[in-house]
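Residues per chain are reported as follows:
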Amino acid sequence: MVKGTHVSSPPTQTQPSRAHSRIEIVGLTKSFGSFKAVDNLTFSVEPGRITGFLGPNGAGKTTTLRMVLGLITPTAGHSTIGGVPYAHLKHPTRTVGAALEATNFHPGRSGRDHLRVLAAAGGIPESRVDEMLELVGIPAAAKRRAGNYSMGMRQRLGLAAAMLGDPNVLVLDEPTNGLDPEGIRWLRGFLRHLAGEKKTILISSHLLGEVQATVDDVVIISNGRLVKNGPIESLHGQASAIVRTTDPARLASALHASGITSERLEDTVLQAYTSDLQAIGDTALSAGLPIYELRAQQQDLEALFFELTSQPENQNRNLAGAEPPPPVGQHLPPHRGQAPQQGQEGIS
Ligand SMILES: Nc1ncnc2c1ncn2[C@@H]1O[C@H](COP(=O)(O)OP(=O)(O)OP(=O)(O)O)[C@@H](O)[C@H]1O
């Protein structure tokens, strides 16, 4: 479960215990010149759970992950892994596996050679290379040049690289990018298995819909600021059902007598606030009312995500003055935000 944390100084130990591989982010802030890409973020990511780090394009996800991985220095705040800042980890590649960009391969090198180089640099036995290629399902592609890999294969190679050191913490930036529905399903099973081994898993995405069936917890940011965090169920809101009948007013009062509140939507349609469809059916039957339609109402999480991140105070600063937002439920087009370029650091 994702929790807010109190502000504290970064600890000085160098190796987290395997049992305590929580990621803690406290007041994390990053400015590029006068532009605040990440603004006072505080949350934690728990072992044994898959946490979705979500926000529209340009919200500050990659910048945050780069700070967690010690690739750029925060302007303020800090982050730790198992209580240890990344820069102080004794065995970083064996503690944290990261995949920040699926295209970050030498295009002329084979997938296997790419992993071999990483294994040698991290002091990891070469036997892990073929094991990982097998694990992510691309053993046959191992000898082919990574430059010719499809996006889905690159994602899998990135995952194999992240898993090389058998880390207890995985940080994956947009791992569903370029995956087809089958690939997303595969990734879900893969991450679920790792979460079952009590690993701490943080995955970013700009599409809640692509990860909603995968994650246990969500951290939603917009314009660098925290908008919401908590279990994915907390986004679902109150359970309800849609019911169509001949006399909704009579059904509403019969439901009310059974302790179920409802609301008239159309002439013949009620929204009843319960997940118990059988109770609605039984109540209608007792009242002698026919039912022409009865279904659980699904909360459209993608629409909710859009709503959360497009409140006036959260409106995407990167798109300000650009085209109007798409209708609810429609994905935002891929778009990398522009920010003042002074004080540039790292690669975005
Ligand atoms: N090195 C940099 N110099 C200046 N601005 C930067 C730099 N890196 C990122 N930014 C800006 O910071 C903001 C956040 O970028 P970031 O890449 O962290 O967003 P994101 O949420 O990962 O977006 P996406 O989903 O598009 O990858 C953007 O406006 C981006 O242009």
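Procedures and definitions
- Residues numbered from 1 in each chain as written.
- Predicted model: local features only at pLDDT ≥ 70, side-chain atom pairs only at ≥ 80, totals over all residues.
- UniProt positions renumbered as here; feature names shortened; annotations may be inferred.
- Domains from an automatic or database assignment.
- Pairing = 2+ DSSP bridges.
- Helix = DSSP H or I, 4+ residues; strand = E, 2+ residues; numbered from the N terminus.
- Axes fitted to C-alpha atoms, helices over the stretch in contact; angles between N-to-C directions.
- Contact = placed C-beta atoms within 7 Å.

In the annotation of an unreviewed UniProt entry, the entry for the chain reads ATP-binding cassette domain-containing protein, and the organism field reads Leekyejoonella antrihumi. Comment text from UniProt for the chain, heading Sequence similarities (unreviewed entry), reads "Belongs to the ABC transporter superfamily."

## So, the domain arrangement of the chain
What the domain assignment reports for the chain is domain 1 (23-235) and domain 2 (240-297). On a C-alpha basis, the centroid separation for the pair domain 1 and domain 2 is 45 Å.

## Observations concerning the sheet that holds strand β7 (residues 200-205)
Strand order in this open sheet of six strands is β5-β6-β7-β3-β8-β9, and the pairing throughout is mixed. The outermost strands of the open sheet, each flanked by one partner alone, are β5 (96-99) and β9 (225-231). On average, adjacent strands in this sheet sit at an angle of 15 degrees to one another, irrespective of strand direction. Relative to β9, strand β8 (residues 217-222) runs antiparallel, the two sharing six bridges. From the neighbouring strand, I220 faces β9, where its bridge partner is K228. Against the sheet, helix α5 (residues 151-163) contacts β5 and β6 (169-172), and its axis sits at roughly 160 degrees relative to β5.

## Considering the pairing of strand β11 (residues 262-266)
By the bridge criterion, four bridges tie β11 to strand β12 (residues 269-272) in an arrangement that is antiparallel. By the bridge assignment, E263 is partnered in β12 with Q271. Counted between consecutive antiparallel strands, the loop separating β11 from β12 contains two residues.

## Describing the environment of I203
Tracing the backbone shows I203 in strand β7. When residues no more than four places from it in sequence are discounted, the contact partners of I203 are I50, G52, F53, L172, P175 and V211.

## Thoughts on the environment of F305
Following the sequence through the fold, F305 ends up in helix α10 (residues 301-309). In this structure, the C-alpha to C-alpha distance between F305 and H206, residues 99 residues apart in sequence, is 9.7 Å. Here F305 is in contact with L54, L208 and I220, once residues within four sequence places are set aside.

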